[in-house]
Amino acid sequence: MIWGVLQFPGSCDERDAQNACERAGAETRLIWQDETDLSGIDGIIVPGGFSYGDYLRVGAIAQFAPAMGAVAEFAAKGGPVLGICNGFQVLCESGLLPGALLTNEGTRFISRQGDLVVAEAESPFLSEMSPGEVISIPFKHQTGRYFAPPEMLERIEANNQVAFRYAEGQNPNGSLNDIAGVVNEAGNVMGLMPHPEHAVDPLTDSTDGLKLFRGPARVEA
Amino acid sequence: MSKHRELGLTDDEYELILEKHGREPNDVELAMFSLLWSEHCAYKHSKKLLGKLPTEGPRVVMGPGENAGAVDIGNGWSIAFKVESHNHPSAVEPFQGAATGVGGILRDVIALGARPIAILDSLRFGELDSERTRYLVDGVVRGIGHYGNSMGIPTVGGEIYFEPPYELNCLVNAMCVGIARTDEMVRAAAQGTGNMVVLFGSKTGRDGIGGASVLASAEFGEDDEGKRPTVQIGDPFEESKVLECCQELLAAELLVSLQDLGAAGLTSSAGEMASAGDTGIDIDVASVPLREADMEPFEIMVSESQERMLAVVEPGKVEGVLALCTKWQTDSAVIGEVTDTGAFRILKDGEVVGDIKVHDLVDGCPLYDLEPGEPAEWIYPNQVTLREGADASEITLSLLGSPSIASKRWAYDQYDSVVGSRTVHRAGAADAAVLNIPESNRAIAIAIDGNGRRVACSPRLGTIEAALECAANLACVGAEPLGVTNCLNFGNPEKPTVAWQLSQSIDGLGEVCRALDLPVVGGNVSLYNETPTGPIYPTPVIGMVGELPNPETCAGEPWRDGDWIALAGPFNPSLAGSELEKARGQLGKGLPDAEIEPARAAIELVRDGVRDGTIRTVTDVSDGGIATVLSELALTAGIGCDVTLDPVIVQSECSEEDALFGEGSGGFILAGTAASIEMLGGKGVQIEMLGRAEGNEIKVQAGESSVDILVAEAKASFESLAHRIDVDQPGITQ
């Protein structure tokens, strides 16, 4: 499996995402923001960071990068797309995922190891996990409060589009319904605020994040 | 004659400029002289002393004089590092001051061709009961987080002390550590007549004009609102692009040399490049990309706009350089060329508007001898904060909650400490940060330390202690020190007391570094940290980088139920300069002698024990003494202890209180199985068994005195900082 890891000016977790994919047994290729040829790519990661300085609004400028047009086509054909942190924000701004991310309730940047509970969504990224399972991965962001208008939120819940929730008492940012990650209706596009790519090496803490990166290869096989 | 004084030059210095320059300098030239002859750029009160420090060693790749120091860590890789201050800007505008402090030190490491992989910060503020202090702490921590987090560089450690003398003059020292291929590292010296000078990064604006001379080289008044325009504004997004661009430029071998723009902007960067290369340089200000169209030549030359780099490029490679800058969406322009004239010429559309001999500008500033005078008495205030008659238990809880000792998790939780996938020990999780370096099949450890209060008690001994503490911190994770960087934060060196503090401190630093075979590979001096209420505590901040062969054995584990607890090392506790003496308002001059050789033996014993896996729980005894350290270990593990310090009283012939709360260097608290501790014996380092880890109480007995508190009480005290800083804010959901 070959992952394409997007790189915008201001991205900063792209090498970590490559490292995670490689630890999960896949190959990777960095995709610069103006590339539109995704041939040979089996999955896309929109990494964390501060694309375009988070100016205007987080993720708002990256949606216009040429590579994002190609990613939208890739997703429409059912290709797996994972947005982490800033990548989640970009996917929401692009309309590939429902909802929006707002400034944390406490207004500060938060950075800590925390627990996520796997929700009911169906997605290749969740194929190694079961609903109710708890994984430990780092939370780190300043604009991670998940928000959707009431009707949209109801629809997301009714469609089982919630992928992860913060474990009880650990919601770090005021996200609605403790939502940490969601999928699109088809399940092939996932976004989450916490960072599975930083939980892949026993030396640096938990390895629970590997499951997400192994998931799509498992489905493909 | 008054214009030069406004710019910070003395009459004698101006006379010397006239003599060297051969005529009255015009406005452009005078602005340039005033900045490069400022304390901040010329180190005129410290350079002679700094010459005494050892700077050479088998692992040194780059030493003082380059943008940062660097040491070899094998397999063709080097670690670059440096610490620098941004004190006065942070006192004026804490968020931007701290943010640009981080941005500036990152650029120093980037300029060497390295990729930054870690940030540490050493911060000093006044006491927390002051609203101003809380405002500064909040802004500084947010500013550091903003810049480091946005750049994707983890903040992995640091320290924060709260002491009254920093109330109006906080200290913000930032240290950056980077990694580079040794043979791809680049120097700052300009070379090759006819080579082009390329400026890239942010546009040049009017921000920070005169920052080096106005903010960094003069005493500080209480009302400095008017200086706010001299504080620079940071843009980490721009720096992130500049970083990636530099990495690609160097990988493509497009650069001859590289330099960041910091204090004194283009004047300093271009001047120092020419001086180091013994060349001349022409800069045409009309070619500099500007934020505001109508800037004067002198403004362009001294602007301290952030996120800019200056490169020397062979003419045939200029196109390639500009193309990569375009890819990274950052401005770039050819603004001049290297000459063989030895002159630094400023042109505007080809017309010469300034012409100075490079060496007059960069190396011509007179260096001053200090006139030290040891003060007869303790010159700093004393405040009583501890209830008279408090018993050992109450003292312990009070020390655990004292802001300098209490957990700094409130701050660390605002820093990304994991980006980069190298962080083995996060901030606050061990005595030193540990980063994995798979490139060279090992790990590095980083520590930063400097207790100003103890240095105030004895500048020489306090500085020796700070370096020993750093080395001890590295030993606790199994690391051997490779090199030292330092930031010397002092008051006005023209005053005898401060001159004495500074010279004694540098003597101590040289002494301890020579004794430990440690090269000082770089550093920074910040003087005039002084307000109408007096100077700050003399605060040498020591940064140390070490290596360890295997990140899988680097201790840092909590003790386990039933573990034996021991004290190792030549520890002679004393209340002089301690946290307890501070709380009692009894601080005075003097510290007990620090014995470097026995301390070194203990440091090596601990390092070897951690490396071979014999030791998995160890920390050095520092602020608050043994009772405090034992309490911290207990609350981390969630398991209490039952310990006697009678052997310490006998061995060190000290009082009960000295044993419980006394401080000093050389002591380590270890925990493990009896067998593992016995294995450390017989190696020439004193080891005393003190007791066991067990239960939910912390029981520490010393003669007739004893501490007897619940682990939960200790934890509540130790973790009390967040709500004391966030008094005006609801804070985040915990």
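This text follows the structure it describes.
Predicted model, so just to flag it, every value in this text is computed and none were measured.

S.K.: Looking at this structure, I do not really get the sheet that holds strand β22 (residues 564–568) of chain B. What am I missing?
M.R.: Sheets are built from strands paired through backbone hydrogen bonds, the pairs being either parallel or antiparallel. Residue and element names in this part refer to chain B. Taken together, 7 strands build an open sheet; the order of strands is β23-β25-β22-β26-β24-β27-β28 and the sheet is mixed. Both outer strands of the open sheet, β23 (617–620) and β28 (705–710), are each paired with one neighbouring strand and no more. In this sheet, adjacent strand axes meet at a mean angle of 15° when their direction is disregarded.

S.K.: Help me out: how do you make sense of the environment of G22(B) in this one?
M.R.: Counting through the fold element by element, G22(B) comes out in the loop between α2 (11–21) and α3 (27–36). Put simply, G22(B) and V137(B) are 115 residues apart on the chain and 49 Å apart in space, counted from C-alpha to C-alpha.

S.K.: Would you explain the packing of helix α8 (residues 131–151) of chain B against helix α10 (residues 236–251) of chain B in this entry?
M.R.: Two quantities define a packed helix pair, namely the angle between the axes and the distance from one axis to the other. Residue and element names in this part refer to chain B. As a packed pair, α8 and α10 sit with axes 9 Å apart at the nearest point and diverge in direction by 35°. Crossing geometry of α8 relative to α10 is assigned as right-handed. In this structure, α8 uses H146, Y147, S150 and M151 to contact α10, whose residues at the interface are P236, E239, S240 and L243. In terms of residue class, the contact of α8 with α10 is made up of 4 nonpolar, 3 polar and 1 charged.

S.K.: Would you explain a negative patch on the surface in this entry?
M.R.: Residue and element names in this part refer to chain B. Together, D561, D642, E694, D708 and E713 make up a region of like negative charge exposed at the surface. Within the secondary structure, E694 is located in the loop between β26 (687–693) and β27 (697–702). Note on E694: relative accessible area 35%, which makes it partly exposed.

S.K.: Sorry if this is basic, but what is going on with the packing of helix α7 (residues 94–110) of chain B against α10(B) here?
M.R.: Residue and element names in this part refer to chain B. The N-to-C vectors of α7 and α10 enclose an angle of 5°; their axes lie 11 Å apart at closest approach. Considering the angle they form, α7 stands roughly parallel to α10. In this structure, α7 uses G103, L106, R107 and I110 to contact α10, whose residues at the interface are E239, L243 and C246. Split into classes, the residues belonging to the contact of α7 with α10 amount to 4 nonpolar, 1 polar and 2 charged.

S.K.: How should the nonpolar core be read in this particular structure?
M.R.: Nonpolar side chains tend to gather and get buried jointly when the protein is soluble and globular. V434(B), A445(B), L468(B), V512(B), M544(B), V618(B) and F668(B) are the most contacted members of the largest nonpolar core, which has 71 residues in total. With 10 residues, the top contributor of residues to this core is helix α18 (residues 459–475) of chain B. The residues touching L468(B), leaving out its near neighbours within four places in the chain, are V512(B), L516(B), I596(B), A599(B), I603(B) and S665(B). Of all hydrophobic cores here, the second largest spans 67 residues; its members include A17(A), M68(A), L153(A) and Y166(A).

Here is what the cut-offs are and how they apply
- Sequence positions are assigned chain by chain, starting from 1 and proceeding in written order.
- In the order they appear in the text, chains get letters beginning with A and ligands get numbers beginning with 1.
- Totals for whole chains, interfaces and linings use all residues, but because this is a predicted model, local features are given only for residues with pLDDT of at least 70 and pairs of side-chain atoms are given and counted only at 80 or more.
- Only hydrogens and water are removed before side-chain values are computed, so all heavy atoms of the structure are retained for them.
- When DSSP finds two or more bridges between a pair of strands, those strands are recorded as paired.
- For the purposes of this entry, the term helix denotes a DSSP run of H or I that reaches at least four residues, the term strand denotes a run of E that reaches at least two, and both are numbered from the N terminus.
- Note on definitions: angles span 0 to 180 degrees between N-to-C directions of axes, and those axes are lines fitted to C-alpha atoms, for helices only across the stretch in contact.
- Left-handed is the label given to a crossing in which the near helix is rotated counterclockwise from the far helix by less than a right angle, and right-handed is the label when the rotation is clockwise.
- Any two residues whose heavy atoms approach within 4.5 Å are treated as being in contact.
- Any residue that is not Ala, Val, Leu, Ile, Met, Phe, Trp, Tyr, Cys, Pro, Asp, Glu, Lys or Arg is counted as polar, Gly included; the first ten are nonpolar and the last four charged.
- By definition, no residue in a patch forms a salt bridge, and every one has over 30% relative accessible area; like charges are joined within 9 Å, nonpolar side chains (Val, Leu, Ile, Met, Phe, Trp, Tyr) within 5 Å.
- Only the protein chains shown count as covering a residue, and every accessible area follows the Shrake-Rupley method with a 1.4 Å probe.
- Definition used for salt bridges: Asp or Glu carboxyl oxygen within 4 Å of a side-chain nitrogen of Lys or Arg.
- Only four residue types enter the tally: Lys and Arg on the positive side, Asp and Glu on the negative side, with His and both chain ends excluded.
- Note on charges: their place is set at NZ of Lys, CZ of Arg, CG of Asp or CD of Glu.
- Relative accessibility decides the category of a residue: with a 1.4 Å probe and only protein chains considered, values under 20% of the type maximum give buried, values over 50% give exposed, and everything between is partly exposed.
- For classification, angles of less than 35 degrees are called roughly parallel, those exceeding 145 degrees roughly antiparallel, those between 65 and 115 degrees roughly perpendicular, and all remaining angles oblique.
- To define a nonpolar core, start from buried Ala, Val, Leu, Ile, Met, Phe, Trp, Tyr and Cys residues and group those joined through side-chain atoms within 4.5 Å.

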